[in-house]
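Spelled out, the chains give:
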Amino acid sequence: MIRTFDMHRVRKGRELTERLWEFKACEGEHANQVLKVATPSCWEGYPGYAGYRGKGIYTTTFEAEGNIRLECKGVCHTATVYLDGKKIAEHYNAYTSFATIVKDLPKGEHILEILADNSFSEKSALHIPNDYMSYGGIGRPVVLETIEDVYIKNILVTPCKTENGWNAQVQVCLVNVSDEKHVIDLDTILSGKGLKKEKWSKQGIVVEPKEELVISESMACKDVVEWCPEEPELYYITSNLYEQGVAIDDYIDRFGFRQIAIEGKKILLNNKALRIKGVCRHEDHPQFTCALPYAAMAADLQIIKDMGCNSVRTSHYPNDEVFLDLCDEEGILVWEENHARGLSLEDMQNPNFEPQAENVIREMIPLHYNHPSIYIWGILNECASDSEYGKDCYAKQFALIKELDPSRPRSFASFKFKTDICFGLPEVVSYNIYPLWYHDTPVDAYLDDLYQWVQKETEGAGKPFLITEVGAGAIYGYHDAYNSKWTEEYQAEALEKQLQAILGYDDCSGVYIWQFCDVKVSKEWFDKRPRTMNNKGIVDEYRRKKQSYEVVKNLFHSYGNYF
Ligand code: ADA
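Residues numbered from 1 in each chain as written. Predicted model: local features only at pLDDT ≥ 70, side-chain atom pairs only at ≥ 80, totals over all residues. Heavy atoms only, no water.

Undergrad: Lay out the sheet that holds strand β17 (residues 235-243) with the relevant residues and their values.
TA: A sheet is described by the order of its strands in space; here four strands give the open sequence β15-β14-β17-β18, paired in antiparallel fashion. Both outer strands of the open sheet, β15 (198-207) and β18 (246-255), are each paired with one neighbouring strand and no more. Strand-to-strand twist of the sheet, defined as the mean angle between neighbouring strand axes without regard to direction, takes the value 15°. Bridge count between β17 and β18: nine bridges; the pairing is antiparallel. If you follow E243 over to β18, its bridge partner there is V246. (Pairing = 2+ DSSP bridges. Helix = DSSP H or I, 4+ residues; strand = E, 2+ residues; numbered from the N terminus. Axes fitted to C-alpha atoms, helices over the stretch in contact; angles between N-to-C directions.)

Here it is as structure tokens:
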């Protein structure tokens, strides 16, 4: 599934995944053995390939002619794409989409090969041995579209509340892939509850050869319904492109009328102070690896809602677009972050780190800009925010976010206890804390001590304060007479104390539990993680409830979405 709604009626396209491809490992014990595999999928899910770290090549064929647009939504983690034996694209990072245009393809059958590489090396500054898995394969859909010489690359919609109601600031990006000038007409229509066919037409737009042209318009929308967790009302924007009266392309996206603002220590959604009741979620499953199918994503979201969560943190990378579509539809707020977890100062000094981390931001924001569920952009989870070098990296990435999207607040999850020097940079201060797990400090004392330090000693004073991780480990089905750490009983007791302290702390805007489900981790973490899994899930990897599930459910349902 590409999206939970159709993005095109004029443009012809289809998902090349959702069918069997040929797969061959390029090295190791299975080198060059041909497997027929369903895609999207990762080779760790193929019998005998679970531990394979290296290169693998996926092959399929398709019929097409003319200009094609090939989009890979997520290749894990480094992709080299060949069409009829010729390299047409390269991309680093499993969690962001990349598209390639090939012009004037001759009519007939074509061979598409995607070489995926999940190996660790200096070349990979973000995918490193870590407390989650970097899988190998085609983790998200591959989409093939045919386009004319001018097509709509994307539409960005920024909802703005005015004294007269709402405005939609619209930016339509057109691209001319040809060597000739084209003159086109553009119609853009907003549709949804309370809208009377808001239409904006622009004729005679000249798009020069190879030009990328952004056409902007502010469209007044008076009687619309605001998006919020309680009533996640969605609207559609449809742009149609014509040349000499003939429809040559279209682009349909979805958005919501909602406003995020910061007022003192509060995060406001439509002028109401939010209380975040969230959970951190990895894209991980023992059968589907990171390539969760639609039904599995929807099932996760059902559990998340059942627990009384109103938010998900996409720890620690941009998520699958379909999951974000579901969050839009279900009214689940999203903290989305670029890809990084626990990178040391030395890791951040890898010359590949900054370009790779910044590129994730450049790809993530335009791709996910219109999702009303995303209320904040995060970066660099638990990286070296206690160092001047790290601060410079954080500052550059926050500036890039501001440039690409000034409409949303920014934050990062710190674990630098009383040593962080970056709280002057973001709008929201966020901390990952583990009292009662990594240290047996009473939660309320620890929380207040940390919060007061932020107020007295840092530039984060007076800003909204979020706990972006808190939790404890439990092995599903493990109990003992002592209620030891790793028993379900201990996790339930710890989370009860942690959540009561945090949700009861009025200067805290909310909490994200670490984590939704148990997940596989890199084999290098075996000594820190029983089962070579991160076992802090409220449910285990098969989504089986641990005792803490009911504790979380009771507490989260006993607090509202707003202060
Ligand atoms: C950190 C990190 C998480 C996870 C967690 C843990 O806060 O951000 O990815 O590793 O610790 O389980 O200890």
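That shown, we press on.
Undergrad: Let's hear about the sheet that holds strand β10 (residues 137-138): which residues, and what values?
TA: Spatially, three strands are ordered β4-β10-β6 in an open sheet, and the strand pairing comes out antiparallel. A strand with exactly one partner marks an edge of an open sheet, and here the two such strands are β4 (41-42) and β6 (75-76). As judged from the two bridges shared by β4 and β10, these two strands associate in the antiparallel manner. Each residue of the ladder has a partner; that of S41, found in β10, is I138.

Undergrad: I'd like a description of the nonpolar core, backed by residues and values.
TA: One finds F465, I467 and L499 to be the most contacted residues of the largest nonpolar core, which totals 77 residues. If near-sequence neighbours (up to four positions away) are discounted, L499 is found in contact with V470, G504, V511, I513, V552, L555 and F556. (Core = buried A, V, L, I, M, F, W, Y, C linked by side-chain atoms within 4.5 Å. Buried < 20%, exposed > 50% of the residue type's maximum accessible area, 1.4 Å probe, protein only. Contact = heavy atoms within 4.5 Å.)

Undergrad: I'd like a rundown of the pattern of salt bridges, residues and numbers included.
TA: Oppositely charged side chains can form a pair if their charged atoms are brought close together. Summed over the entire model, instances satisfying the criterion amount to 43 salt bridges. Where D449 meets K418, a salt bridge forms, and the shortest distance between an N and an O atom there is 2.9 Å. Placement of the pair is D449 in helix α6 (residues 443-457) and K418 in the loop between β26 (410-414) and β27 (429-432), with a sequence separation of 31 residues. Classification of D449 as partly exposed rests on a relative accessible area of 34%. A salt bridge links R544 to D540; the nearest nitrogen and oxygen atoms lie 2.7 Å apart. Linked through salt bridges whose partners overlap, the residues forming this network are R11, R69, E71, K73, E145, D249 and E321. (Salt bridge = Lys/Arg side-chain N within 4 Å of Asp/Glu carboxyl O.)

Undergrad: Any chance you could break down the pairing of β27 for me, citing the residues and the numbers?
TA: Residue alternation in β27 divides its side chains into two sets, V429 and Y431 and S430 and N432, and both sets are buried. Note: β26 against β27, two bridges, orientation parallel. For A413, the partnering residue across the bridge sits in β27 and is S430. Taken together, the four bridges between β27 and strand β28 (residues 465-470) define a ladder with parallel strand orientation. In the strand pairing of β28, Y431 is matched with I467. In the classification by handedness, the crossover that spans β27, the intervening α6 and the parallel β28 is right-handed. (Right-handed = clockwise from strand over helix to strand, strands pointing away.)

Undergrad: Tell me about the site of the ligand, and name the residues and values.
TA: Around the ligand, the surrounding shell holds 13 residues, and the nearest of these are D131, E382, Y438, E469 and K536. Here an oxygen atom of the ligand sits 2.5 Å away from a polar atom, N or O, in the side chain of D131. In isolation the ligand has 320 Å² of accessible area, and contact with the protein removes 97% of it. A per-class count over the shell around the ligand returns three nonpolar, four polar and six charged. (Near = heavy atom within 4 Å. Polar contact = N/O pair within 3.5 Å; in protein donor to acceptor, adjacent residues only side chain to side chain. Areas by Shrake-Rupley, 256 points an atom, 1.4 Å probe, with all protein chains shown as cover. Nonpolar A, V, L, I, M, F, W, Y, C, P; charged D, E, K, R; others polar.)

Undergrad: Could you give me a rundown of helix α2 (residues 321-330), with the residues and numbers involved?
TA: The element α2 is extensively covered by neighbouring structure, given that eight of its ten residues are classed as buried. Buried within α2 are the following residues: E321, V322, F323, L324, D325, L326, C327 and D328. Those residues of α2 hidden inside the fold are in contact with β18, α1 (294-306), β23 (311-313), β24 (333-337), α4 (353-368) and β25 (374-379). The backbone nitrogen of V322 lies 2.8 Å from a side-chain oxygen of the residue at the head of α2, namely D320.

Undergrad: How would you explain unusual backbone geometry if you had to name every residue and give the values?
TA: The omega torsion across T39 and P40 is 0°, close enough to zero to call that bond cis. Mapped onto the fold, P40 is located in the loop between β3 (35-39) and β4. Cis geometry is adopted by the peptide bond preceding Q515, which originates at W514 and carries an omega value of 5°. Mapped onto the fold, Q515 is located in the loop between β29 (510-513) and β30 (519-520).

Undergrad: I'd like to hear about the packing of aromatic side chains, residue by residue, with values.
TA: Counted under the stated rule, the structure contains 26 aromatic pairs. Seen from their ring centres, Y132 and Y317 are 6.0 Å apart, and the 55° between their planes marks the pair as tilted. In this pair, Y132 is assigned in the loop between β9 (98-117) and β10 and Y317 in the loop between β23 and α2, connecting sequence segments 185 residues apart. By the burial criterion, Y132 is buried, and Y317 matches it. (Phe/Tyr/Trp six-rings, centres within 6.5 Å; stacked < 30°, edge-to-face > 60°.)

Undergrad: Tell me about the pairing of strand β20 (residues 266-269), residues and numbers included.
TA: When a strand is regular, its side chains alternate between the sheet's two faces. As judged from the four bridges shared by strand β19 (residues 260-263) and β20, these two strands associate in the antiparallel manner. Each residue of the ladder has a partner; that of A261, found in β20, is L268. Where β19 folds back on β20, the antiparallel hairpin that results is connected by two residues, among which G264 adopts a positive phi of roughly 60°. Bridge count between β20 and strand β21 (residues 272-273): two bridges; the pairing is antiparallel. Across the sheet, the residue bridging to L268 is A273, located in β21.

Undergrad: Which residues make up the side chain of E233, and what values do they have?
TA: For E233, the position within the fold is in the loop between β16 (212-221) and β17. E233 has contacts with K193, V225, E226, W227, F255 and G256, leaving out every residue within four places of it along the chain.

Undergrad: Which residues make up the side chain of D420, and what values do they have?
TA: Mapped onto the secondary structure, D420 falls in the loop between β26 and β27. Here D420 sits buried without a salt bridge, and the closest side chain of opposite charge, K416, lies 7.6 Å off (N-O distance). Polar side-chain contacts of D420 include one of 2.8 Å to the backbone nitrogen of C422. (Lys, Arg positive; Asp, Glu negative; His and termini not counted.)

Undergrad: Can you tell me about the packing of α1 against helix α8 (residues 548-557), naming the residues and giving the values?
TA: Here α1 crosses α8 at 60°, and the two axes come no closer than 9 Å. Accordingly, the angle class assigned to the pair α1 and α8 is oblique. Counting all contacts with α1, which are made through I303, K305 and D306, the residues of α8 involved are Y549, K553 and H557. Classifying every residue of the contact of α1 with α8 gives two nonpolar, one polar and three charged. (Parallel < 35°, antiparallel > 145°, perpendicular 65-115°, else oblique.)

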